[in-house]
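Report on the structure
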Amino acid sequence: MIPVAKPELGEEEIALVAETIRSGWITQGPRVAEFEKAFAGRVGAAHAVAVSNCTTALHLALVASGIGPGDEVIAPPHSFIATANPILYCGARPVFVDIDPETLNMDPRLIPAAITGRTKAIIVVDQVGRPADMAAISAAVRGRGVTIIEDAACATGSVYRGKPVGDNTYSPLVCFSFHPRKVISTGDGGMITTPDADLAARLRLLRQQGMSVNDLERHQSKTVVSEIYPILGYNYRLTDVQAAIGLCQLRRLDAILARRRAIAAHYDRMLAGTPGVRLFAEPADCRWNQQTYLIRLEGSGAARRDTFMQRLLEEGIATRRGIMSIHREASYVERFGPQSFPQSERASDECVCLPLYTQMADADIDRVSAAVRRHAPRP
Ligand SMILES: *Cc1c(COP(=O)(O)O)cnc(C)c1O
C-alpha cells in the first residue's frame with residue numbers, strides 16, 4: 001500500500017525528545033524558545049511565536065489584529081476549513097473571494113469588489129504551499145485599512161520572489177502548521193512570524209492566558225514574581241517535547257524540500273501529456289515546497305473523480321480529494337445560506353492529491369503514474 005503522506009522522523013528526533021524529557025521541562029520553555037529562534041532565522045523574520053497549531057495561530061493573528069463582532073474578513077472559500085473557522089471564533093464574518101483556477105489561490109482581481117466599510121482583514125492562503133501572488137494582493141487592499149494575514153500552513157520552505165515565505169515582506173502576521181500532512185511536523189504545532197516586537201509580545205500574552213510573566217521567566221527569577229492578567233488569553237502553548245521534534249525537523253528541511261521537489265519533477269515527467277489530466281506548474285517567480293502533488297481531472301465532476309480514486313485504492317494507492325470548498329459545508333450554509341463560488345467548486349470536484357513523501361521510492365512514483373494514466377477519465 002502506498003500512503004498519501006508520511007512524516008520523515010528519525011533517530012535525531014527520538015534522541016532530542018528523550019533529552020528534553022530527561023531535562024524535566026516538557027511544556028513551553030527553553031526548547032520552544034530555541035525552536036522559535038531557529039524558525040525565525042530560517043524564514044528571515046524578526047520574531048516567531050510558537051503555538052499549538054495553525055488554527056490557533058490564525059485565531060491569535062485575528063485577535064491581535066483587533067477583529068471582533070461586526071467585522072468582515074476576506075478569505076478564499078477554496079481551502080481547508082481551518083482557514084475560515086477562526087474568523088467565526090472572533091464573531092466576525094468571512095467574506096469569500098473565489099480563486100484563480102490556474103493557481104488555486106485567491107484571485108486578486110476579485111478582491112476590490114469584496115471590500116466594504118467593515119472589512120478589517122484578509123486571510124491569504126498559500127494553497128498546497130504554492131505562494132499566493134502577495135504583490136498583487138497587497139496592491140488590491142492598499143490604503144483600505146485591511147490587515148493582511150497569511151495562512152502559510154502548507155508553505156514552510158517556499159519562496160516568493162526570492163524571499164522566504166514568512167519573512168513578513170507582505171504580511172505582518174504569517175501563520176504556519178506543523179501537522180503531519182505538512183512539510184515538517186511536530187505532531188501538531190504552529191508558528192506565527194511578525195516583524196513587530198509589540199505584536200510578538202501581544203501574541204505571547206494571548207497564547208498563555210494573558211499572563212504577564214511566563215513560566216520560564218518566573219522559574220529563572222531570583223525574586224518572587226507575581227503575575228497579572230491584563231487581557232483575556234487562551235491556552236495555545238506548544239510543548240517543549242514538540243519543539244524538540246521541530247528543531248530536528250528544521251535541520252532536515254533543505255533535504256526534505258530537495259526530495260519533495262525531485263519527486264514532483266518525476267511525476268511531472270511521467271504524467272505530462274496524459275489526456276484529461278492537468279498538472280500544476282511552479283510559478284516563474286516562486287520556489288514551491290511541493291507540500292501536495294495535485295492533479296486536476298479536467299471536466300470529470302465529483303462522481304468520476306471518486307471512481308478514479310477508488311480504482312487507485314484497489315491497486316494499493318491511497319489518494320485524497322483536492323481542496324474543499326468551505327462555503328458548501330453545513331456549518332457555513334447554516335450561518336450564511338447557500339453561496340456560489342464556481343471556480344472553487346469545480347476545482348474541489350476535479351482535483352486529486354497523489355502520494356508524495358520523502359521516503360517514496362522512484363518505482364512507487366512510476367507505479368502511481370502508470371495507474372493515473374490507466375484510470376484517468378477520458379475528457
Ligand atoms: C493544515 C491547514 C490549516 C490548519 O493547520 P493545523 O495546524 O492543523 O491547525 C490551516 N490552513 C490551511 C491552508 C491548511 O492546509
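This section reports on the structure supplied with the text. (Residues numbered from 1 in each chain as written. Predicted model: local features only at pLDDT ≥ 70, side-chain atom pairs only at ≥ 80, totals over all residues. Heavy atoms only, no water.)

Describing the sheet that holds strand E8 (residues 173–177)
- Strand order in the open sheet formed by seven strands is E1-E9-E8-E5-E4-E2-E3, and the pairing between neighbours is mixed. Strands at the two margins of the open sheet, each flanked by one partner only, are strand E1 (47–51) and strand E3 (93–96). Averaged over all neighbouring strand pairs, the angle between strand axes comes to 25°, with direction disregarded.
- Of the strand pairs in this sheet, strand E2 (residues 72–75) and E3 are connected by four bridges, and their pairing is parallel. Residue pairing in the sheet places Ala 75 in a bridge with Phe 96 of E3.
- Sitting on the sheet, helix H3 (residues 54–64) touches E1, E2, strand E4 (119–125), strand E5 (147–151), E8 and strand E9 (190–194), and the angle it makes with E8 is about 165°. (Pairing = 2+ DSSP bridges. Helix = DSSP H or I, 4+ residues; strand = E, 2+ residues; numbered from the N terminus. Axes fitted to C-alpha atoms, helices over the stretch in contact; angles between N-to-C directions. Contact = heavy atoms within 4.5 Å.)

A closer look at the packing of helix H2 (residues 30–43) against helix H8 (residues 240–271)
- It is the contact of H2 with H8, at a shortest axis distance of 7 Å, that shows an interaxial angle of 25°. In this view, H2 runs roughly parallel relative to H8, as classed from their interaxial angle. Here H2 and H8 pass one another in a crossing that is left-handed. Across the interface between the two elements, Pro 30, Arg 31, Val 32, Glu 34, Phe 35, Ala 38, Phe 39 and Arg 42 from H2 touch Asp 240, Ala 243, Ala 244, Gly 246, Leu 247, Leu 250, Leu 253, Asp 254 and Leu 257 from H8.
- Split by residue class, the contact of H2 with H8 holds eleven nonpolar, one polar and five charged. (Parallel < 35°, antiparallel > 145°, perpendicular 65-115°, else oblique. Left-handed = near helix turned anticlockwise from the far one by under 90°. Nonpolar A, V, L, I, M, F, W, Y, C, P; charged D, E, K, R; others polar.)

With respect to H2
- Here H2 is 14 residues long and its end C-alpha atoms lie 20 Å apart, about the 20 Å a rise of 1.5 Å per residue gives.
- Of all the positions in H2, only Arg 31, Val 32, Phe 35, Glu 36, Phe 39, Ala 40 and Val 43 are classed as buried. Looking straight down H2, one finds that the buried residues subtend no more than 165° of arc, so they occupy a single side. For H2, exposure combined with an orientation more than 90 degrees from the buried face picks out Lys 37 and Gly 41.
- Phi for Gly 44, located one or two positions after H2, is positive at around 75°. (Expected span 1.5 Å × (residues − 1). Buried < 20%, exposed > 50% of the residue type's maximum accessible area, 1.4 Å probe, protein only. Arc of directions from axis to C-beta.)

Digging into the pairing of E4
- Taken across its seven residues, E4 has six buried, putting it largely inside the fold.
- Two elements, E2 and E4, share three bridges in a ladder whose sense is parallel. Bridge pairing links Ile 74 to Ile 122 in E4.
- Where E4 and E5 come together, five bridges link them in parallel fashion. Bridge assignment links Ile 123 to a residue of E5, and that residue is Ile 149.
- Between the parallel elements E4 and E5, the chain passes through helix H5 (residues 134–141) in a crossover that is right-handed. (Right-handed = clockwise from strand over helix to strand, strands pointing away.)

Considerations on the site of the ligand
- Contacts to the ligand come from 14 residues, most closely from Cys 54, Thr 55, Asp 151, Ser 177 and Lys 182.
- In this structure, an oxygen atom belonging to the ligand sits 2.9 Å away from a main-chain N or O atom of Cys 54.
- A distance of 2.5 Å separates an oxygen atom of the ligand from a polar atom in the side chain of Thr 55.
- Here the ligand, which alone exposes 380 Å², has 92% of that area covered by the protein.
- Judged by its atoms lying within 2 Å of the grid points, the ligand is housed in the largest pocket.
- Across the shell around the ligand, the residue classes break down as six nonpolar, six polar and two charged. (Near = heavy atom within 4 Å. Polar contact = N/O pair within 3.5 Å; in protein donor to acceptor, adjacent residues only side chain to side chain. Areas by Shrake-Rupley, 256 points an atom, 1.4 Å probe, with all protein chains shown as cover. 1 Å grid on protein atoms, 1.4 Å probe; cavity = no way out; pocket = protein on both sides within 12 Å on 5 of 7 lines; lining within 4 Å. Sits in = over half its atoms within 2 Å of the grid points.)

Comments concerning the sheet that holds strand E14 (residues 351–354)
- Taking strand neighbours across the sheet as the criterion, the four strands line up as E10-E12-E14-E13 in an open arrangement whose pairing is antiparallel. Each of the sheet's edge strands pairs with one partner strand only, and the pair in question is strand E10 (277–279) and strand E13 (320–321).
- Bridging between E10 and strand E12 (residues 293–297) involves three bridges; their strand directions are antiparallel. Paired with Arg 278 across the two strands is Arg 296, which belongs to E12.

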